[in-house]
Amino acid sequence: MDFTYDEEQQALREAVRGLVGKAYADFENRRRTVAEDPGFDETLWGRLAEMGILGLPFREEYGGSGAGPIEVGIVAQEMGRVLAPEPYLTGVVLAGGLVAAAGTEEQRGEVLGALSAGERVLAFAHAEPGSRWAATASTVTASSSGSSSGEGWTVSGVKEPVPYGARADQLVVSAALPEGGTGLFLVDPSATGVARDGYPTHDGGRAARVAFDDAPAVPLGAAGVDASSSIAAVLDIARVMACNEAIGAMEVALDATTSYLTSRKQFGVTLNTFQALTFRAADLYVSLELAKSVTLWATMVLAAGRPEEMAEAASRAALQVSRAGRHIGQEAIQLHGGIGMTAEYSIGSYTSRLTALDHLLGDGDHHLRLLAATVGDHEEVDPLR
Amino acid sequence: MDFTYDEEQQALREAVRGLVGKAYADFENRRRTVAEDPGFDETLWGRLAEMGILGLPFREEYGGSGAGPIEVGIVAQEMGRVLAPEPYLTGVVLAGGLVAAAGTEEQRGEVLGALSAGERVLAFAHAEPGSRWAATASTVTASSSGSSSGEGWTVSGVKEPVPYGARADQLVVSAALPEGGTGLFLVDPSATGVARDGYPTHDGGRAARVAFDDAPAVPLGAAGVDASSSIAAVLDIARVMACNEAIGAMEVALDATTSYLTSRKQFGVTLNTFQALTFRAADLYVSLELAKSVTLWATMVLAAGRPEEMAEAASRAALQVSRAGRHIGQEAIQLHGGIGMTAEYSIGSYTSRLTALDHLLGDGDHHLRLLAATVGDHEEVDPLR
Amino acid sequence: MQLELSPEDAAFRDEMRTFFTTKVPQEIRDAVAERRELTKEQVVESMQVLNAHGLAVPHWPVEWGGQDWSPLRRHIWHEEMQRACVPTPLAFNASMVGPVIAAFGSQELKERFLPKTANLDIWWSQGFSEPDAGSDLASLRTTAVRDGDELVVNGQKTWTTLGQYGDWIFCLVRTDPEAKKQRGISFLLIDMTSPGVTVRPIELIDGGHEVNEVWFEDVRVPAENLVGELNAGWDYAKFLLGNERVGVAPVGATKRVLAQAKEWAGDQLADPLTAARFAELENELLALELTALRVVAHSADGKPHPASSVLKLKGTELQQAVSELVVDLAGPASLASGAGAGSDVPEWARRATPAYLNLRKASIYGGSNEIQRQIIAKTILGL
Amino acid sequence: MQLELSPEDAAFRDEMRTFFTTKVPQEIRDAVAERRELTKEQVVESMQVLNAHGLAVPHWPVEWGGQDWSPLRRHIWHEEMQRACVPTPLAFNASMVGPVIAAFGSQELKERFLPKTANLDIWWSQGFSEPDAGSDLASLRTTAVRDGDELVVNGQKTWTTLGQYGDWIFCLVRTDPEAKKQRGISFLLIDMTSPGVTVRPIELIDGGHEVNEVWFEDVRVPAENLVGELNAGWDYAKFLLGNERVGVAPVGATKRVLAQAKEWAGDQLADPLTAARFAELENELLALELTALRVVAHSADGKPHPASSVLKLKGTELQQAVSELVVDLAGPASLASGAGAGSDVPEWARRATPAYLNLRKASIYGGSNEIQRQIIAKTILGL
């Protein structure tokens, strides 16, 4: 049981901070970047590829560097600290993770190689209007006109919102299979039968409505196989990484708030003179520390590689981080007062991003329901293994 | 729509305050009274009878004064303000209310006459170990050896806790009927087959385990008739009166807390210098005012005499008062610090009493469940009639 | 103590309900229902419809368009309006500058401004807050210096809501720099088309443009535009801020959103946790509405009722809590916040997060909830 | 970063688990499980069993019975103890006066007191708080005036937990009335059988007798009973209060009660709202336990870790929240709080409300949660 990062991990953090942290150290840079399509810095994306960050989670034979969840979590935290808009979570961890989990050897080599090299942006087209974070597809369906060998598949229906779906060079699409179950497919978004409408999201990100009309689709992995357990597993990994990103964001949001309290004057004194405000800041710190503890623990559960424990650990982290994110996001603005409402000032963007992360992969109550359903199955939760 | 008490009601409040408020103005008097059986002041009880308070809710022909819920609510508030231990809520409102609701003309005249005159203390033996505020009986059963005319009935089983059950001169007992449904019975506690073990409760009150072993029982009202809807209705009335009692207690608890904050010194200044504390007191006031509003409204719903609206109004008041009672009860002790933990000082007894009132007839979550079950049946709640 | 409305009040309520649901253009009410931002034209049209029927400024003196209603009737008017998705009359006109001019202005100012203010022929903006005078309003620094028949105004105001539409702005300005803080402040009406007035938009975190900075550079204002006495502006501001007890808490609008959210929830309402969340919020809103009714009933004396702070504090908390619930109901679709009309995500779900973010302001603007707690602690609890 | 315990630590845990569940008398562990008040004899017996096996004071210096364990092992020892319903070693002895004597006492004091303190042959009481020195401890007024080889003590201490069992009491006393507040305070050991010492019970709101007032009237104390230097007592008190990072939050005990509550809940656990309440508390307890593990891992430097305040604050909040849940599970049966053994209401339900009321103290005693927030705001956040 050890909560400390080793030297190599510390070095990774410093390297990412040197690149991403530096790029967005000035909040105006981030504002400018998200104001224009594609909503992120393609040059920076290329540098992340060069540094090996995009390939971090993938095996070396696929062009990656074979690092583990601890390292990916460090990257996510650093992205979170500066609200970096690059599609690391949805493009690398989620879409890339699915290719790694479900693709054939050939697909892994080809797609992950291009992804790791920064040559191809991926997106996972999964959410459907009305869906609520399930690992399955429902209204988007796949059908096969040819043999079952993987030829002649098409998908139809609407996926929305698809994070960074308009910019993506290649889509990983979940679709209900004719024989039941949910399949995964690779779709070329420039093919006929694919229509994309991109738009900005409140947190400075991008999403799209992607409509498929008998669009040609290549099964990811073996054709016609239910991939919902792979989807569930990769979603859980992405949840824990979203938690890592959120704790990075919360740390900075709290820092910014305490700095503001010590510098802003009202009634002739700095705001930290008002005990009602400093006590609330103390409560924020408590929320942050607790969320951080569960997130680091869940990341270690991933690293320990026990698939049967991953879903529960992801839900536990997601629940705690959802509660903390709302607490910190809401109070950070309130403690800033009017200035906290403005887009020029960074703090509101932290709240906005925390809200987005909370709803991307399942909010606190969603995970609470899952945990409540099994609360009677065990006497207590023992985090020590 | 009018939230103000008329002159007569004001006069009633002053009269009750003059008697009960005066009797327990010195908290030591209350401590002494609850320290010894029967746990209340029999002389004061007699005076309340003389003043017509015990007969307040009952028709004049039964020895009462035929006042309504508004007036009974005023009495309950005043009892709550000084934590008067007299069994007004459980003996008069609840047990007496059941006799008024379900008894024969003869029973009403006889029992309510004696109750109103202060000659007979009643108790409602209803809760059973494991029961949760249902209007029905389950483990205590009634059987009839004779005809169905009301003769030859007995009850068996254990009721616990029965508020003031050891002191009571007469018991109103709910019991499962042989043909289904729940019947009400009058039981003489000195009869053979009745065993009572009384004990003090944490709030200074009294309760008892009452075991019936084929104890002779007289049906309240017609024999063998399911009385659960009468029980439910009277429980709802008692709930609203418990809310009235609670708002009286909360008012004084908040007053005591603000007085303490303005007088107690720490670090060389009075506690109201600390904004973190005064803001919390402000939040307590908000909780109190909201709870008061719903309680007064629910009392008016009772007074308007629309039985179909009573249950929902009672649940609404109970939910709001439960939340407020916990908030105020817990914070009042915390804001007092160590002294708030001592039995000598009154504030802890307010918390204790609020906790008891919360669990006597259904706590906040219990009522929330009931309200949640019907939340989809209406678009909105309109309090104006 | 009386639950029922009198037959007269009940009839009044029916009358209001009928009016609001039949006389105000449906498309405006639809925009409110969908929580869209209203256009300037929609706000103006709606208020003019109300004013044409004597329903825009019922709380003003009768000679200036008021109705001499009981507080209960004003409450009913206000709730029914929100219930019917009718935009409430522009607060700057109806609740702020209008009552101040009516109470303290000269006859000439009244005649000049009140009719146009009631009819929204003049769109008023509010110039109170400054960058260094937020909760601590009395530390404001915008000055007005006498020069002949004119006052010369210099300084900066901020958080001027909808200032981009403003024709006139009512300002607190410092007219006596020697006097201590609250003294030496005057209440001045300024034509926003005057040379030297610059309005600059502030983008908010929901992406909307709702508030502005307003800059004054040697703006010359006729001295007759002073309301009431020189250096007495702080009293008028206090009157303005404490004047209104009806509609302090956004009860009706919040109730409406919660009712709509039940529709939006669909199957989710069958989930016990979701149902409980609705039921708890609904109960708190009931408690708040009843508290508002208790407060309006005691508003006859014309002084600010400190319990207004309870309404503001709890009202904004519940408004925010309901907006948070709506984001959760939208779930993953809440990410489609920037989608256009072609989206497959319903409009309410697309609006959910921007509305939630925008409403963070509710507990900050117009006297932050910290200020409200302070008022409760000091004025009511004596702390 | 490493999830698993090392094989050695895992073996250590098994060893602890086996010891606690087999060597400590079952009836004592049953009493803890039922949340009954323990008798003095039970507390003594339990600690002596631990001490006989070197498990009473593992954090003390090795020469006085300590074990030189890693912080993680001390954490495991502490959690397993609570998990097994073994009473933790009396804090006044094991965590308070013992470490102070070991760190600052003379060799003579160490030899005289430490073995008996570890074995609970001496039951220590704590004499810090006074009626006018609660959160503001430094304003204490009990004096000790030098008279030859003795100190003469006068004053009053309060909130002396279990003082009725005390053989000795360690006190903060003012030895230099001229020095400013924190200076001029000494740390003194007083035999409670000395003439002039009076212990008076304080009844608490749960009806129990757990704390006391202790009066000193011209109590003569040998000067050698001073710990460390004269007038340096405040430093020792700070050492004492900040010394312990293991077991600051009552995680293990709260987890155990929550686990028991699942049994007590019976069918109620099938209710979604109840299940969600359990799941949320369980998750927060997990977060707290993990935070405790993070904090202990950084405790090697021997200085108080400010994050201990997080543990105390959140730990007591959760302890109270779980006790509140238990009252709600008991429902109407919670009113049977004074019933005896013949009751048909199960013991846990009868104990529910007294335990809930008693635990209101958790956020007050030992540095109130307000003090903890202040420490976090000042020390960690720099506010």
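Residues numbered from 1 in each chain as written. Chains lettered and ligands numbered in written order. Predicted model: local features only at pLDDT ≥ 70, side-chain atom pairs only at ≥ 80, totals over all residues. Heavy atoms only, no water.

For chain C, the name recorded in an unreviewed UniProt entry is Acyl-CoA dehydrogenase family protein, with Nocardioides koreensis as its organism. Its UniProt record gives chain C a comment under Sequence similarities (unreviewed entry), which states: "Belongs to the acyl-CoA dehydrogenase family." Database annotation for chain C, UniProt heading Cofactor (unreviewed entry): "FAD". (UniProt positions renumbered as here; feature names shortened; annotations may be inferred.)

An unreviewed UniProt entry annotates chain A as Acyl-CoA dehydrogenase family protein originating from Nocardioides koreensis. Taken directly from UniProt, the Sequence similarities (unreviewed entry) text for chain A runs: "Belongs to the acyl-CoA dehydrogenase family."

K.L.:
Just give me the short version of helix α7 (residues 228–263) of chain A, but keep the residues and values in it.
P.N.:
Here α7(A) contains 36 residues, and its C-alpha end-to-end distance of 51 Å stays within 8% of the 52 Å for a straight helix at 1.5 Å per residue. Of all 36 residues in α7(A), 26 are buried; the element is thus mostly enclosed. (Helix = DSSP H or I, 4+ residues; strand = E, 2+ residues; numbered from the N terminus. Expected span 1.5 Å × (residues − 1). Buried < 20%, exposed > 50% of the residue type's maximum accessible area, 1.4 Å probe, protein only.)

K.L.:
Before we move on, could you go through the interface of chain A and chain D and cite the residues and values that matter?
P.N.:
Contacts between the two partners involve 48 residues from chain A, matched on the other side by 43 residues from chain D. For the pair chain A and chain D, the two sides together bury roughly 4400 Å², of which 67% comes from carbon and sulfur. Joining chain A to chain D, the criterion identifies seven salt bridges. Among the salt bridges present, the one from A:R306 reaches D:E4, with a minimum N-O distance of 3.2 Å. For the pair chain A and chain D, the number of links is 18 residue pairs in polar contact (both at pLDDT 80 or more). Looking at the side of chain A that touches chain D, the elements that each hand over two or more residues are α7, α8 (275–304), α9 (307–336) and α11 (364–373) of chain A. Here the element with the most residues in the side of chain A that touches chain D is α8(A); it accounts for 18 residues. (Contact = heavy atoms within 4.5 Å. Buried area = accessible area lost by both parts, 1.4 Å probe. Salt bridge = Lys/Arg side-chain N within 4 Å of Asp/Glu carboxyl O. Polar contact = N/O pair within 3.5 Å; in protein donor to acceptor, adjacent residues only side chain to side chain.)

K.L.:
Go over the domain arrangement of chain A, please, and point to the residues and values.
P.N.:
All names here are of chain A. Domain annotation of chain A identifies domain 1 (7–120), domain 2 (123–226) and domain 3 (229–377). Just the C-alpha atoms count here: the centres of domain 1 and domain 3 sit 21 Å apart. In total, domain 1 and domain 3 occlude about 2000 Å² of area from one another, counting both sides; carbon and sulfur atoms represent 74% of this. For the domain 1 face of the interface with domain 3, the top three residues by lost area are R81, L83 and L89, together amounting to 28%. In this structure, the salt-bridge partner of E251 is R81, at a minimum N-O distance of 2.7 Å. Between domain 1 and domain 3 we count four residue pairs in polar contact (both at pLDDT 80 or more) in total. Going through the elements one at a time, α2 (27–35), α4 (69–82) and α5 (88–102) are the ones with two or more residues in the side of domain 1 that touches domain 3. (Domains from an automatic or database assignment.)

K.L.:
Run through the UniProt feature "domain: Acyl-CoA oxidase/dehydrogenase middle" (unreviewed entry) in chain C, naming residues and quoting values.
P.N.:
In the UniProt entry, the feature "domain: Acyl-CoA oxidase/dehydrogenase middle" (unreviewed entry) is given for residues 127–219 of chain C. As a span, residues 127–219 of chain C carries 0% helix and 49% strand, and end to end its C-alpha atoms are 14 Å apart.

K.L.:
An account of the environment of B:V210 is requested, with residue identities and associated values reported.
P.N.:
Residue and element names in this part refer to chain B. Relative to the helices and strands, V210 resides in strand β7 (residues 206–216). Expressed as a C-alpha distance, the spacing of V210 and L302, which sit 92 residues apart in the sequence, is 32 Å. Setting aside its immediate chain neighbours within four residues, V210 contacts G157, V158, K159, V162, L171, V194, A195 and R196.

K.L.:
Account for the UniProt feature "domain: Acyl-CoA dehydrogenase/oxidase N-terminal" (unreviewed entry) in chain A, with residues named and values stated.
P.N.:
Within this numbering scheme, the UniProt entry marks residues 7–119 of chain A as carrying the feature "domain: Acyl-CoA dehydrogenase/oxidase N-terminal" (unreviewed entry). The span residues 7–119 of chain A is 67% helix and 0% strand, and its two end C-alpha atoms sit 30 Å from each other.

K.L.:
Before we move on, can you summarise the packing of aromatic side chains with the specific residues and values?
P.N.:
Residue and element names in this part refer to chain C. Scanning the entire structure with this criterion turns up 40 aromatic pairs over all chains. For the pair F170 and F187, a centre-to-centre distance of 5.9 Å together with 5° between the ring planes defines the contact as stacked. Highlighted residues: F170 in strand β4 (residues 168–174) and F187 in strand β5 (residues 185–191), separated in sequence by 17 residues. The pair formed by F170 and F187 is uniform in burial state, with each residue classed as buried. Members of the aromatic cluster, joined through ring pairs, are F113, W124, F128, W168, F170 and F187. (Phe/Tyr/Trp six-rings, centres within 6.5 Å; stacked < 30°, edge-to-face > 60°.)

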